[in-house]
Amino acid sequence: MIIPKAKKLTKAQRKEIDAIVGSFGCTVLEIVGVNRCVYAILGDETHKLMFNRILGLDYVSRVDLIESTHKLVGRKSALADHKVKVGAATVGLDGPFFMGGHCAVDPRNPNLYMETAEALKEAGVHALRGGVWKPRTNPYSYQGSVDAMTIAVEAKERTGLPLDVEVMDLEQLEIALDAGVDVLQIGTRNALNYSLLKEVGNRTAGTSTVVLLKRGRHIAPVDEFLAAAEYVVAGGNPNLLLCPRGTTPALDGYRNQPDESITPLIKGKSWLPVVVDPSHSVGHARYVPSCCLAAIAYGADGLCIEAHVEPSRGIGDDPKQAVTPEVFAEIISTCREIWPCRYEFK
Ligand code: PEP
Ligand code: MN
């Protein structure tokens, strides 16, 4: 829909627009309103180049796309009844879903991850998380190691819990799929890496593999988050979880700007389950429990929390962010208590 700055396009302006849309196989329909005229593009109006060319005309005020960028993940989608299962748990059904584990699995200390995994199972988590490759802001920080995969997979086998691992490129994607990783995490830095999102969707099409898509800390609008999710679903995999994890600029004292309040906005537009990551949002273990409760109160279906049996011996974010399995058990219990009080989006 083209909205001109003036009340109506002149003949010359209309001719120019007709020529642009015509070269993309589209036509223009003038809709005459009481106060002004608007112009509907008939045909495939999603051509980015056509959109940009029209937007570049100095007499055009706006071009609104009616075609949704997230039609598959939208509430009116034919997929709206789809349920996402992680192992035995259906996310958001009968109580909050919990995933937990180390930020980074330390290949030199495999026992620590085993202990954490066993203790978290005892606490009641539905799935384990464990960083194998780490996206680090500092190029000289620990970058992860493929050796950690064997440890993470062993913990999955020992506990019988599904495993979440972040992948950042195609090579890691292949290794994770070969290793039997159940949840592929796309982190905040790759949240807009469309080639990776497409590839993840294609490679997991028709399988039970789940994708946990973090909200890019640079993503502002909800629609951009949903469009990124749409890439995976359009690639063939509707098993996707949306994961708000805080954005920039940070709230003074926190690691990021906590964004758990985005859940009702997401729910108003999409059927996808929301699993909030409070750990990267607030960035300090002592604030994590409050953020968890807020996330559930805002309508999240679950939580993905960094946890460690001995945070001070952890690597990556664990010394500062990880909660202990005891605290995790408390979080599970309080979140279950407030679960029935939520205002569910209708
Ligand atoms: C993580 O989960 O450890 C991580 C790096 O997350 P994010 O992409 O949200 O920073
Ligand atoms: Mn981390």
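What comes next concerns the included structure.

Calculation notes
- Residues numbered from 1 in each chain as written.
- Chains lettered and ligands numbered in written order.
- Predicted model: local features only at pLDDT ≥ 70, side-chain atom pairs only at ≥ 80, totals over all residues.
- Helix = DSSP H or I, 4+ residues; strand = E, 2+ residues; numbered from the N terminus.
- Buried ≥ 20, exposed ≤ 12 C-beta atoms within 10 Å, placed from the backbone.
- Near = placed C-beta within 6 Å.
- Nonpolar A, V, L, I, M, F, W, Y, C, P; charged D, E, K, R; others polar.
- Pairing = 2+ DSSP bridges.
- Contact = placed C-beta atoms within 7 Å.
- Axes fitted to C-alpha atoms, helices over the stretch in contact; angles between N-to-C directions.
- Parallel < 35°, antiparallel > 145°, perpendicular 65-115°, else oblique.
- Left-handed = near helix turned anticlockwise from the far one by under 90°.
- Core = buried A, V, L, I, M, F, W, Y, C linked by C-beta atoms within 7 Å.
- Expected span 1.5 Å × (residues − 1).
- Arc of directions from axis to C-beta.

### Structural notes on the overall build of the protein
On a plain count of helices and strands, the protein comes out with 12 helices and 14 strands. Overall, the protein is about 75 × 45 × 40 Å in size when its C-alpha atoms are taken along their principal axes.

### Side note on the environment of Arg 36
The residue Arg 36 is located in the loop between strand E2 (27-32) and strand E3 (37-42) in this model. Arg 36 gets classed as exposed once you count the C-beta atoms within 10 Å, which come to 12.

### Some details on the site of ligand 1
Neighbouring ligand 1 are Cys 103, Gly 131, Pro 135, Glu 166, Gly 187, Thr 188, Arg 189, Lys 214, Arg 245, Asp 277 and His 280. Its residues assigned to classes, the shell around ligand 1 shows 2 nonpolar, 4 polar and 5 charged.

### Thoughts on the sheet that holds strand E14 (residues 302-306)
Read from one edge of the open sheet, 8 strands run E12-E11-E10-E9-E8-E7-E14-E13, paired in parallel fashion. Of all the strands in the sheet, just strand E12 (240-243) and strand E13 (275-276) have a single pairing partner and so form its edges. In the packing of helix H4 (residues 147-159) onto the sheet, the strands contacted are strand E8 (127-129) and strand E9 (163-166), and the crossing angle to E9 comes to about 165°.

### Re the packing of helix H1 (residues 11-22) against helix H2 (residues 48-55)
Axis separation between H1 and H2 bottoms out at 10 Å; the angle between their running directions is 165°. Taken together, the axes of H1 and H2 are roughly antiparallel relative to one another. Both H1 and H2 take part in a crossing whose hand is right-handed. For the pair formed by H1 and H2, the contact residues are Ile 17, Ile 20 and Val 21 on the first element and Met 50, Arg 53 and Ile 54 on the second.

### Observations concerning unusual backbone geometry
Here Thr 248 and Pro 249 are connected by a cis peptide whose omega angle stands at -5°. You can see Pro 249 is positioned in the loop between E12 and helix H8 (263-269). Here Asp 94, not a glycine, exhibits a phi torsion of approximately 60°, which is positive. Of note, Asp 94 is situated in the loop between strand E6 (89-90) and strand E7 (97-101). For Asp 94, a count of 8 C-beta atoms within 10 Å corresponds to the exposed category.

### Remarks on the packing of helix H10 (residues 288-297) against helix H12 (residues 325-338)
At a minimum axis separation of 10 Å, H10 and H12 run at an interaxial angle of 25°. Overall, the two elements H10 and H12 adopt an arrangement that is roughly parallel. H12 is crossed by H10, and the crossing has right-handed handedness. Two secondary-structure elements touch here, H10 through Pro 289, Cys 292, Leu 293, Ile 296 and Ala 297 and H12 through Val 327, Glu 330, Ile 331, Thr 334, Cys 335 and Ile 338.

### Regarding the nonpolar core
Of all hydrophobic cores here, the largest spans 83 residues; its most connected members are Ala 152, Leu 213, Ala 229 and Val 275. Top element by residues in this core is helix H7 (residues 222-234). It accounts for 7 residues. Dropping the residues within four chain positions of it, Ala 152 is found in contact with Val 105, Tyr 113, Gly 130, Val 132, Leu 163 and Val 165. Leu 9, Ile 17, Val 21 and Tyr 39 belong to the second largest nonpolar core, which has 8 residues in total.

### Side note on the environment of His 284
Mapped onto the elements, His 284 comes out in the loop between helix H9 (278-282) and H10. In this structure the C-alpha to C-alpha distance between His 284 and Gln 321, which are 37 residues apart in sequence, comes to 4.5 Å. If we skip the residues at most four places from it in the chain, His 284 touches Lys 320 and Gln 321.

### Some points on H12
With 14 residues, H12 should cover 20 Å at 1.5 Å per step; its first-to-last C-alpha distance of 20 Å lies within 8% of that length. All of the buried residues along H12 are Pro 325, Phe 328, Ile 331, Ile 332 and Cys 335. Viewed end-on, H12 has its buried residues packed into an arc of 105°, placing them on one side of the element. Opposite the buried face of H12, at more than 90 degrees from it, the exposed residues are Glu 326, Ser 333 and Glu 337.

### As for the environment of Leu 196
Within the element layout of this structure, Leu 196 appears in helix H6 (residues 194-203). Residues Leu 196 and Asp 169, 27 residues apart in the sequence, show an inter-C-alpha distance of 6.6 Å. Leave out the neighbours within four places in its chain, and Leu 196 touches Asp 169, Ile 186 and Asn 190.

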